[in-house]
Amino acid sequence: MKNKFYAYIQNLQDQICKGLEEIDEKAFFKEDLWTRPEGGGGRTRVIENGNVFEKGGVNISAVHGKLPDTMQKLFNVGEADFFACGLSLVIHPKSPMVPTVHANWRYFEMYDEKGNVMNRWFGGGQDLTPYYLFEEDAKHFHQTCKTACDKHDTSFYSKFKKQCDSYFWNAHRNEARGIGGLFFDYCKETDSFSMENWYNFVTEVGNSFLNAYIPIVEKRKNLSYNSEQKNWQEIRRGRYVEFNLVHDKGTLFGLKTNGRIESILMSLPPHVQWVYNYLPEKDSEEEKLISILEKPIDWV
């Protein structure tokens, strides 16, 4: 399974990078191969200063070795070996009219002293962070997620949408990071759902990513905007940074397993602001966004 999934994310990385380059029409991804001293490595690809994308990364990695002490405590196990692979992406567009997007699909195995698999699971999801809310975009993104889920289990979309709203929640701000999507973790084999079933589901979601995001970029990339709207985008990006550094499990896992810092922190935007006690004008588009983020709604 681990070889099969790693082969899948290698191919998916190529597809996603190609799709994003085609819509940007200027910038191309730069590739950076790296190795991890304890075992494994990855293929980082970063795009910067494009027509459409200010900064973004589409990264894959496969790491293995001894499970660090911090992760032993998290999983409540003793010494063990592990293998983890996944694709993680974050795209920060130049225009505040185009939403930031994040996605991640991953697979994890843990082994006993004899090298036998004693635990394994899939995780992942995809979510959207707009700076200006276009409801038709939110509906399109969520409908694409729901369509992918419904092919495997009609209960998945509702369940994983709620988990996404709960996970991407900036508790110290009491607001969502964005308008959500899907989030699933610890997807393990059961009597009714095999690991092969989970593989088929996760790859279905991965394959839906470009369909979920590219049509939104096409619609919004040429809309005009002013300096105040760009200012708002940078203030909201600050909340994105706060979530990633304070709450995000993937970031923390990378930092605690001696992951590659440049690849882990590529999720951070290049231009960000923190303005003291910034409040949007009453009845403005900015205030409308905040009201949605304070109480997630059902888009489909």
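Each value, and the rule that gives it
Residues numbered from 1 in each chain as written. Predicted model: local features only at pLDDT ≥ 70, side-chain atom pairs only at ≥ 80, totals over all residues. Heavy atoms only, no water. Helix = DSSP H or I, 4+ residues; strand = E, 2+ residues; numbered from the N terminus. Buried < 20%, exposed > 50% of the residue type's maximum accessible area, 1.4 Å probe, protein only. Expected span 1.5 Å × (residues − 1). Arc of directions from axis to C-beta. Axes fitted to C-alpha atoms, helices over the stretch in contact; angles between N-to-C directions. Parallel < 35°, antiparallel > 145°, perpendicular 65-115°, else oblique. Contact = heavy atoms within 4.5 Å. Nonpolar A, V, L, I, M, F, W, Y, C, P; charged D, E, K, R; others polar. Salt bridge = Lys/Arg side-chain N within 4 Å of Asp/Glu carboxyl O. Disulfide = S-S within 2.5 Å. Pairing = 2+ DSSP bridges.

**Things to note about unusual backbone geometry**
So, step 1. Positive phi values are uncommon outside glycine, yet Asn49 reaches one of about 55 degrees.
So, step 2. Following the sequence through the fold, Asn49 ends up in the loop between strand E2 (40–48) and strand E3 (53–66).
So, step 3. A positive phi is found at Asn277, a non-glycine position, where the angle reads about 50 degrees.
So, step 4. Of note, Asn277 is situated in the loop between helix H8 (261–264) and helix H9 (285–294).
So, step 5. The exposed category is assigned to Asn277, whose relative accessible area is 55%.

**Considering helix H3 (residues 135–150)**
So, step 1. A rise of 1.5 Å per residue sets the reference length of H3, with its 16 residues, at 22 Å; its end C-alpha atoms lie 22 Å apart and thus fit the reference within 8%.
So, step 2. Those residues of H3 that sit buried are Asp137, Ala138, Phe141, His142, Thr144, Cys145, Ala148 and Cys149. The arc that holds the buried residues of H3, viewed along the axis, is 150 degrees, so those residues lie on one side.

**Focus on the packing of H3 against helix H4 (residues 156–167)**
So, step 1. Running from amino to carboxyl end, H3 crosses H4 at an angle of 130 degrees, the nearest separation of the two axes being 8 Å. One way to sum up the angle between H3 and H4 is to call them oblique. In this structure, H3 contributes His142, Cys145, Lys146 and Cys149 to the contact, and H4 contributes Phe156, Tyr157 and Lys161.
So, step 2. Considering only residue class, the contact of H3 with H4 consists of 4 nonpolar, 1 polar and 2 charged.

**Details of the pattern of salt bridges**
So, step 1. A full pass over the atoms with the stated rule returns 26 salt bridges.
So, step 2. Put simply, Glu196 and Lys4 hold a salt bridge, and the shortest N to O gap is 2.4 Å. With Glu196 in helix H5 (residues 195–220) and Lys4 in helix H1 (residues 2–24), the pair connects residues that are 192 residues apart, well separated along the chain.
So, step 3. Judged by relative accessible area, which is 36%, Lys4 ranks as partly exposed.

**Description of the state of the cysteines**
So, step 1. For the coordinates displayed, the defined rule picks out 0 disulfides.
So, step 2. Cys145 provides the cysteine sulfur closest to Cys149, a residue in no disulfide bond, and the two sulfurs are 6.7 Å apart.
So, step 3. Here Cys187 is not cross-linked by a disulfide; its sulfur's nearest cysteine counterpart is in Cys149, at 10 Å.
So, step 4. Residue class for Cys187 comes out buried when judged on its relative accessible area of 4%.

**Points about the sheet that holds strand E6 (residues 117–129)**
So, step 1. The sheet built from 7 strands is open, its strands ordered E1-E2-E3-E4-E5-E6-E9 with antiparallel pairing. Taken across any chain shown, the strands that pair with only one partner, and hence form the sheet edges, are strand E1 (30–35) and strand E9 (180–187). Neighbouring strand axes in the sheet, compared pairwise and without regard to direction, differ in orientation by 5 degrees on average.
So, step 2. With 6 bridges joining them, E1 and E2 adopt antiparallel strand pairing. Directly across from Leu33, in E2, lies its bridge partner Arg43.
So, step 3. In the packing of H1 onto the sheet, contacts are made with E2, E3, strand E4 (81–93), strand E5 (100–111) and E6, and the angle to E3 comes to roughly 170 degrees.

**Description of the pairing of E2**
So, step 1. Count of turn residues in the E1/E2 antiparallel hairpin: 4 residues, of which Gly39 carries a positive phi of about 140 degrees.
So, step 2. By the bridge criterion, 7 bridges tie E2 to E3 in an arrangement that is antiparallel. Bridged to Gly41 within E3 is Ala62.
So, step 3. Between E2 and E3, which pair antiparallel in sequence order, lie 4 residues; one of them, Asn49, sits at a positive phi of approximately 55 degrees.

**Things to note about H9**
So, step 1. Those residues of H9 that sit buried are Glu286, Leu289, Ile290, Ile292 and Leu293. Taken end-on, H9 shows its buried residues confined to a sector of 160 degrees, consistent with a single buried face.
So, step 2. If you follow the buried residues of H9, they end up packed against strand E7 (169–170), strand E8 (175–176) and helix H6 (227–246).

**As for the environment of Val205**
So, step 1. Its location among the elements puts Val205 in helix H5.
So, step 2. According to the relative accessible area criterion, Val205 is buried, its value standing at 0%.
So, step 3. The sequence separation of Val205 and Asn11 amounts to 194 residues, and the corresponding C-alpha distance is 14 Å.

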